[in-house]
Amino acid sequence: MLHFEREVVEIELIEAMLKQFSHVHIGLHDIDGYPYVVPTNFGFEINEKELVVYIHFMKRGHKLDLMRNDPKVCLEFSMFNDFPDRPYKGHRHDYRSVIAKGKIEVIDVKEDYDTFRRGYDLLYTCNNRDIVPLESRKTMPPMFIGKIVCDMHHVTAKSEFPLRKIEDVPFMDVYSMSKDDEPFDISDIIAKRKNKK
């Protein structure tokens, strides 16, 4: 990573970033040799070893065919905050991004009810909606759940502004702050990253 000081490695900060994102872009291997990228909503759970992302999709279609042909996927989560007319600490924008690589497993409610339900519930909670219990539905939803398991060694996260604690993750409203051209002091972050290498 070119700007290693912008890398975010703390699990609690990555989790807080993921909670800010409204959707994920999923990159699949298309049969014509080109990448196929599709946006979708998601649910997730994370720990020190892995990031597990859940998505949903219909029981037929191009992306389902691609997932079954090659389960390797790349996930991209991001959001940007531009303020070109109000520079803050030498910056005119801020961003949060997470990239993860993993394999997707297609989950059918008839074959793995517990995993389907887990993904189903997390899709609701990660979109700040009240869960409609699976048991309360008259019929099962006509969809599959995709479970994507990413080893944390294949997860990278970055931020333009320095992140030290969870409260730093949401974007700052630079328009409500005093003008400040002094660069961020990130000497502690640089030292911490160098010590990890």
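What you see is a predicted model; the values in this text were computed from it and never measured.

Undergrad: Residues and numbers for the overall build of the protein, please.
TA: A count of helices and strands for the protein gives 4 helices and 8 strands. From first element to last, N terminus to C terminus, the protein shows the α and β order α-β-β-β-β-α-β-β-α-β-β-α. With the C-alpha coordinates aligned to their principal axes, the bounding extent of the protein is approximately 60 × 35 × 30 Å. The burial tally for the protein puts 42% of its 197 residues in the buried class. Working note: accessible area of the protein is about 11,600 Å², and carbon and sulfur atoms make up 51% of it. Between the averaged position of the 30 positive side-chain charges in the protein and that of its 34 negative side-chain charges there is a distance of 2 Å.

Undergrad: Lay out the pattern of salt bridges with the relevant residues and their values.
TA: Inspection of every chain in the model, using the stated rule, returns 12 salt bridges. Close ionic contact of Glu160 with Arg6 constitutes a salt bridge, the shortest N to O distance being 3.3 Å. Here Glu160, found in the loop between β8 (155-159) and α4 (187-196), pairs with Arg6, found in the segment before α1 (11-20); they are 154 residues apart in sequence, far enough to count as distant. What makes Glu160 buried here is its relative accessible area of 10%. We classify Arg6 as partly exposed; its relative accessible area is 21%. Across the pair Glu45 and Arg118 runs a salt bridge, and its minimum N-O distance is 2.7 Å. Pair noted here: Glu45 is in strand β3 (residues 43-46) and Arg118 is in helix α3 (residues 113-125), with a separation of 73 residues, a long-range link. Several salt bridges share partner residues, and in doing so they unite Arg117, Asp121 and Glu135 into one network.

Undergrad: Give me α3: which residues, what numbers.
TA: The terminal C-alpha atoms of α3, which comprises 13 residues, lie 18 Å apart, in line with the 18 Å expected from a rise of 1.5 Å per residue. Restricting attention to buried positions, one finds in α3 the residues Thr115, Phe116, Gly119, Tyr120, Asp121, Leu122, Leu123 and Tyr124. Elements in contact with the buried residues of α3: β3, β4 (50-58), β6 (93-107) and β7 (143-151).

Undergrad: Tell me about the nonpolar core, residues and numbers included.
TA: Among the nonpolar cores identified, the biggest contains 37 residues, and Leu51, Ile55 and Leu75 are the most heavily contacted of them. For this core, the leading source of residues is α1, giving 6 residues. Excluding residues that lie within four positions of it along the chain, Ile55 makes contacts with Val24, Ile26, Thr40, Asn41, Phe42, Met67, Ile104, Leu123, Phe144, Ile145, Gly146 and Ile148. In terms of nonpolar packing, the next biggest core, distinct from the first, is built from 12 residues, Tyr54, Phe116, Tyr124 and Ile145 among them.

Undergrad: Which residues make up α1, and what values go with them?
TA: A turn of α-helix holds 3.6 residues, and therefore any two residues three or four places apart point the same way. Taken residue by residue, α1 has Ile11, Leu13, Ile14, Ala16, Met17 and Leu18 as its buried positions. Packing partners of the buried residues in α1 comprise β3, β4, β5 (72-82), β6 and β8.

Undergrad: Lay out the pairing of strand β1 (residues 24-29) with the relevant residues and their values.
TA: One ladder, built from 6 bridges, connects β1 with strand β2 (residues 35-40); its direction is antiparallel. Residue pairing across strands places Ile26 opposite Val38, the latter belonging to β2. Counted along the chain from β1 to the antiparallel partner β2, the turn is 5 residues long, and its residue Gly33 has a positive phi close to 95°.

Undergrad: Account for the packing of aromatic side chains, with residues named and values stated.
TA: Applying the stated criterion across every chain yields a total of 11 aromatic pairs. Seen from their ring centres, Phe83 and Phe161 are 6.1 Å apart, and the 65° between their planes marks the pair as edge-to-face. A residue pair is termed long-range when its members are at least 10 positions apart, and Phe83 in the loop between β5 and β6 and Phe161 in the loop between β8 and α4 qualify at 78 residues. In this structure Phe161 comes out as buried when scored by relative accessible area, which is 3%. Through a chain of ring-to-ring contacts, three or more aromatic side chains come together here, namely Phe21, Phe42, Phe44 and Phe77.

Undergrad: Requested: an account of unusual backbone geometry, with residues and values cited.
TA: If you check the backbone angles, Lys89 has positive phi at about 50° while not being a glycine. With respect to the element layout, Lys89 can be found in the loop between β5 and β6. Exposure remark for Lys89: the relative accessible area of 14% places this residue in the buried category.

Rules behind the numbers
Residues numbered from 1 in each chain as written. Predicted model: local features only at pLDDT ≥ 70, side-chain atom pairs only at ≥ 80, totals over all residues. Heavy atoms only, no water. Helix = DSSP H or I, 4+ residues; strand = E, 2+ residues; numbered from the N terminus. Buried < 20%, exposed > 50% of the residue type's maximum accessible area, 1.4 Å probe, protein only. Areas by Shrake-Rupley, 256 points an atom, 1.4 Å probe, with all protein chains shown as cover. Lys, Arg positive; Asp, Glu negative; His and termini not counted. Charge placed at Lys NZ, Arg CZ, Asp CG, Glu CD. Salt bridge = Lys/Arg side-chain N within 4 Å of Asp/Glu carboxyl O. Expected span 1.5 Å × (residues − 1). Contact = heavy atoms within 4.5 Å. Core = buried A, V, L, I, M, F, W, Y, C linked by side-chain atoms within 4.5 Å. Pairing = 2+ DSSP bridges. Phe/Tyr/Trp six-rings, centres within 6.5 Å; stacked < 30°, edge-to-face > 60°.

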